[in-house]
Amino acid sequence: MFKKILIANRGEIAVRIIRACKEWGISTVAVHSDVDKDSMHVRLADESICLGSHQPQNSYLNISALMSAVDVTGAEAIHPGYGFLSENAHFAEIVTNHGIKFIGPSADLIRKMGDKVEAKKIAKQYGLPVIEGSEDDVTSVAEAKKISDKIGYPVLIKAAGGGGGKGMKIVNKTQELEDLFLLAKLEAKKYFNNDKVYIEKYFLNPRHIEVQVLSGKNRTVHLNERDCSVQRRHQKLIEETPSPIISESVRSDLLTRTTQMVEKIGYEGAGTVEYIYENGKFYFLEMNTRVQVEHPVTEVATGIDIVKEQIYIANKGDTALTQEDVVARGHVIECRINAEDPSKNFQPSPGIIKTYHQPSGFRTRVDGAIFQGCKITPYYDSLICKLICQGRNRTEAIQRMLRALDEFVIEGITSTINLHKKILSHEKFISSDFDVNWLSKETFY
Amino acid sequence: MKINKKIIEELVQYLKEYNLSEIEYAEGSTKVKVSRSLSGSNILSNEVISSKSKVAESIDSSEKVTSPIVGTVYLAAEPGGKKFVEVDQKIKKGQTIMIVEAMKTMNHVPSTQDGVVSKILVKDGDPVEFGQPLISFK
């Protein structure tokens, strides 16, 4: 096993990775920006190194500073977490070229999956259903019009190098196409330095369903699906497993085909294949080549520690898991606690946590990096912790989550705790009658 | 086991002297931990004092636009791009003067009045606090 791992991240995911390392008996190196010097991940790690100032490009995205930190501490591997450099192929390549193990797939696969046009081609080639649309990037207005007429409006123009909803344009009718197509290209160039765009059918009421995989050189296993359809501004807020809305036959087909695709491309480590689900059908959306925020949902349901498995696979090359080892139990829900004010259009709410009390009890897990007196700075993501509850069934999981949310006290900043209570008591959530656009249409405040 | 009061007394002394909340001391198999709670009101009052002194520093007669939010300030829409406002520029109420990024959200800061810019009080990429002056008018 590795002797020392450097965690190239911050916040709750850095703490999560440090915990996994400690349980494997691996020494940990935390890196941090100047404003994060007193944060939990720095306190829990065996060693820590300051990379630079508060701005991510000077610290958590600063590749040369990170490589120096590896050099100084003698770490053998880097765990990138999620966000920051986790899906940066260039970084994975540099790390690998320096004889350090990058905990994740090869730089080549990160690059291919990062290019949405390329990823879609791979998915199709290996038997996954893809969204109807252009096969390749679309270069002219005439071509865009031909494709859009064929698949029928509304259509969605997306940037090949994009993500996070940027550079996406919904076109409702043919008259709007030319302007929006040119604008999408312009924005793609500006945001991603790559003006490649492609066109897809736009789904009006989709659910977001994804499959967790763990893959070694020997085999690939899936850890079932997660339903992440409660979203705000294209970002997930609540995730659950199993999905309450898909049939057993659709589910088993999805899991089998996903596992086969991931195995065939020679994937290494933990990954998630994301899908759009509408009217009983699945369509490949993208593959995330890293651990995800919502991974605890799957961990609690299956009893498998995904982060420890990631480290094991990175070290051995193979996975010790077989598909038979994966047995999910009951229903699991995760609520993301963000430092933002849902009553003010999710306005960021940085500040000092004056009072903190976290829930506990039967099948109640909190993954976080916050504590009483800690400062939530405005420089990073608003996610401060996650609450995960398991029940024998969905009803009990909801009841337990509501009980735990009631125990949760965070004072000094505004968080999404109160919104979660409203969502979990809402009849639409209880009957699972919603799609990814639900939150933007519903009035909670 | 016999408790060595002297050690405890000595540790308590250190706690007070260095304003610590906890101290642990081990000798062989004996481990002594002394802790105390630093009261919440104490911490709070420190903060009030520091924010008061900040306000005092910033008092001067000229009109200013202050930051409505804590975050990182940007003077232009993109790195190396044209600045929203320059010194000596005539600006209107409601016009964007800067962007303050907080938790990956870009917040446009509008001018609160018409006027001519006298000084730009922050640098691109600076961290800014709530209520911190960003520009002043002539």
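Residues numbered from 1 in each chain as written. Chains lettered and ligands numbered in written order. Predicted model: local features only at pLDDT ≥ 70, side-chain atom pairs only at ≥ 80, totals over all residues.

Asks: Would you take a moment to explain the overall build of chain A for this structure?
Replies: In terms of helices and strands, chain A carries 15 helices and 22 strands. Against the compact-globule benchmark of 22 Å for 445 residues, chain A has a radius of gyration of 22 Å, which places it among compact chains. With the principal axes as the frame, chain A shows a C-alpha extent of 60 × 50 × 45 Å. Going through the 445 residues of chain A one by one, you find that 48% of them count as buried. Nonlocal contacts in chain A, meaning residues at least 24 apart in sequence, comprise 65% of its contacts between residues at least 6 apart. (Helix = DSSP H or I, 4+ residues; strand = E, 2+ residues; numbered from the N terminus. Rg over C-alpha atoms; globule rule 2.2 N^0.38 Å. Buried ≥ 20, exposed ≤ 12 C-beta atoms within 10 Å, placed from the backbone. Contact = placed C-beta atoms within 7 Å.)

Asks: When you look at the domain arrangement of chain A in this model, what are you seeing that I'm missing?
Replies: Interfaces are often sized by the accessible area lost when the parts come together. All names here are of chain A. Under the domain assignment used here, chain A contains domain 1 (4-94), domain 2 (132-201) and domain 3 (207-441). Averaged C-alpha coordinates put domain 1 and domain 3 at centres separated by 23 Å. Across the contact, 22 residues belong to domain 1 and 21 residues belong to domain 3. When residues in the side of domain 1 that touches domain 3 are grouped by element, the largest group, nine residues, is from helix 1 (residues 11-24). (Domains from an automatic or database assignment.)

Asks: Just to check I follow, could you spell out the sheet that holds strand 3 (residues 47-52) of chain A for this structure?
Replies: One key point about sheets: their strands pair by backbone hydrogen bonds, in either a parallel or an antiparallel sense. Residues and elements named next belong to chain A. With respect to topology, five strands assemble into an open sheet ordered 3-2-1-4-5, the strand pairing being parallel. A strand with exactly one partner marks an edge of an open sheet, and here the two such strands are strand 3 and strand 5 (101-102). Here two bridges tie strand 4 (residues 77-79) to strand 5, and the two strands are oriented parallel to one another. Directly across from Ile78, in strand 5, lies its bridge partner Phe102. The strands touched by helix 1 are strand 1 (4-7), strand 2 (27-33) and strand 4; relative to strand 1, the strand with the most contacts, the crossing angle is about 175°. (Pairing = 2+ DSSP bridges. Axes fitted to C-alpha atoms, helices over the stretch in contact; angles between N-to-C directions.)

Asks: Explain the domain arrangement of chain B to me, please; I cannot follow it from the model alone.
Replies: Once the domains are mapped, chain B shows domain 1 (5-38) and domain 2 (62-137). When each unit is reduced to the centre of its C-alpha atoms, the spacing between domain 1 of chain B and domain 2 of chain B is 49 Å.

Asks: Which parts of the structure should I look at to understand the interface of chain A and chain B?
Replies: Contact with chain A, which involves nine residues of that partner, is made by nine residues of chain B. Residues of the side of chain A that touches chain B, tallied by class, amount to five nonpolar, three polar and one charged. (Nonpolar A, V, L, I, M, F, W, Y, C, P; charged D, E, K, R; others polar.)

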